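Listed below are the residues making up each chain.
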Amino acid sequence: MRYFFITPDRVFQDTLMLDRETGRHIRNVLRMRVGDALKVSDGSGLVYRVKISGFPEGEVLCAILGKSSIPDPHSLRVTLLQSVPKGKRMEWLVQKAAEVGVHEIVPIYMERSVRVLGPERTGHWIQRWQRIAKEASQQCGRPDFPRIKAPVLLNEALKQVETVSVRIYFNENEKRRILRDIRDASPEPESIALLVGPEGGISPEEAKLIEEHGFVSVSLGDMILRSETAGILSVALVRYEWGAAEPGGIPGLKEN
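Attention here is on the structure that accompanies the text. (Residues numbered from 1 in each chain as written. Predicted model: local features only at pLDDT ≥ 70, side-chain atom pairs only at ≥ 80, totals over all residues. Heavy atoms only, no water.)

**A look at the sheet that holds strand β4 (residues 46-54)**
Right, on to step 1. Spatial ordering of the open sheet is given by β1-β3-β4-β5-β2, a layout of five strands whose pairing is mixed. Each end of this open sheet is capped by a strand with a single partner; those strands are β1 (3-5) and β2 (15-18). Ignoring strand direction, the axes of neighbouring strands in this sheet form an average angle of 45°. (Pairing = 2+ DSSP bridges. Helix = DSSP H or I, 4+ residues; strand = E, 2+ residues; numbered from the N terminus. Axes fitted to C-alpha atoms, helices over the stretch in contact; angles between N-to-C directions.)

As C-alpha cells, this is what we get:
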C-alpha cells in the first residue's frame, strides 16, 4: 500500500485531511472512493491507517483507524551533497535519489558548477524539488521522503555534515580505493555523507578542502559519468553495500 504525506497540523483528534491536489490524484487517477483505506505519513515519524470518509471541497477527509511509528527497514541515513547540474537534470536526480533511498539532499555550488540559481528563484526551486521528492517517495512506497535543503557554497555544505559518521567524495582521479574498502573499514555507521562534484570535476583546491573536512576519496570506476548520474549511482551503491550486509537483505528489494 502506498503512502500519502501531510503536515502534522492537518491531523486532528480522530480525523485528518489531505489537500486538494492529493484529492484529485486519489479520485481521478487512483479511482479511490469513500470507504477505501490509505496509509498517511505526517512527516514527524508517525504513520496513520485511515479510511476515506468524504471529499469536502475537493479535499480528502479521512477517519483515523490507528497509528504507529514509521517503519525503518534500514536505519542508515544517507546525505547527498550534490553539485547542482544544469537544466532539469536536478529534478531527475531528486526523483531517482528519492526512489533509491536518500534521506537528505544538499545542493552545492562549486568552482566548476554550470548552474547557479538566482536568489529570487531559489525558493521556487526548493519547493519544486521537495514536491518531486514527495511524489517519488509516494510512488515507490516510502513511508518518508528526503529533505531538500537550500543550495549553499561548498564550504557551508561541508560544515553541515561534520558530525556524519562516514564522509565520502567521488573523485575521477582516485585509482585504488573503492566503496567496498570503506564498508570493510566502517561496517556499521549511523550515517553517511556523499559528495558529488560537477561534470567539470573537483578542483585541486576543493579536493584539499574536502579532505580537510574528513572526506575520503573513492572511485566510481573508469567511466566518466554525468554529475546527476554519479549522484544517483552513489546513493544506490551505498544502500547496496551497507544494506546487503544486514539481516533482511537490501532495503526496498522485494522477493517474489
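**Section: the pairing of strand β11 (residues 191-196)**
Right, on to step 1. Among the six residues of β11, six are classified as buried, and the element is accordingly described as predominantly covered.
Right, on to step 2. By the bridge criterion, six bridges tie strand β6 (residues 77-83) to β11 in an arrangement that is parallel. Following the sheet pairing, Thr79 is matched in β11 by Ala193.
Right, on to step 3. Handedness of the β-α-β unit built from strand β10 (residues 166-170), helix α5 (residues 179-185) and β11 comes out right-handed. (Buried < 20%, exposed > 50% of the residue type's maximum accessible area, 1.4 Å probe, protein only. Right-handed = clockwise from strand over helix to strand, strands pointing away.)

**Re the pattern of salt bridges**
Oppositely charged side chains are able to pair whenever their charged atoms sit close together.
Right, on to step 1. Scanning the entire structure with this criterion turns up twelve salt bridges.
Right, on to step 2. As a salt-bridge pair, Arg128 and Glu91 come within 2.7 Å of each other at their nearest N and O atoms. Taken as a pair, Arg128 in helix α3 (residues 119-140) and Glu91 in helix α2 (residues 89-100) lie far apart in primary sequence, 37 residues in all.
Right, on to step 3. For Arg128, a relative accessible area of 25% translates into the label partly exposed.
Right, on to step 4. It is possible to trace a salt-bridge network through shared partners that takes in Arg89, Glu199, Arg226 and Glu228. (Salt bridge = Lys/Arg side-chain N within 4 Å of Asp/Glu carboxyl O.)

**Re the nonpolar core**
Right, on to step 1. If you look at the biggest cluster of nonpolar residues, it comprises 31 residues, and the most contacted ones within it are Val94, Ile105, Ile168, Ile192, Leu194, Val238 and Trp242.
Right, on to step 2. Listing elements by their share of this core, those giving two or more residues are β6, α2, β7 (104-109), α3, β10, α5, β11 and α7 (227-243).
Right, on to step 3. The biggest single contributor to this core is α7, with five residues.
Right, on to step 4. Beyond its immediate chain neighbours, meaning those up to four positions away, Val238 contacts Leu76, Val78, Leu179, Ile192, Leu194 and Gly243. (Core = buried A, V, L, I, M, F, W, Y, C linked by side-chain atoms within 4.5 Å. Contact = heavy atoms within 4.5 Å.)

**Topic: the packing of aromatic side chains**
Right, on to step 1. In this structure the tally under the stated criterion is two aromatic pairs.
Right, on to step 2. Between Phe5 and Phe145, the ring centres sit 5.0 Å apart and the planes meet at 80°, which makes this aromatic pair edge-to-face. Within this pair, whereas Phe5 is found in strand β1, its partner Phe145 is found in the loop between α3 and β8 (147-148), the two being separated by 140 residues in sequence. Each member of the pair, Phe5 as well as Phe145, carries the same accessibility label: buried.
Right, on to step 3. With a centroid separation of 6.2 Å and 35° between ring planes, the pair formed by Trp125 and Trp129 is classed as tilted. Residue Trp125 and its partner Trp129 are both found in helix α3; the two are separated by four residues, about one turn of the helix. We note that Trp125, like Trp129, is buried. (Phe/Tyr/Trp six-rings, centres within 6.5 Å; stacked < 30°, edge-to-face > 60°.)

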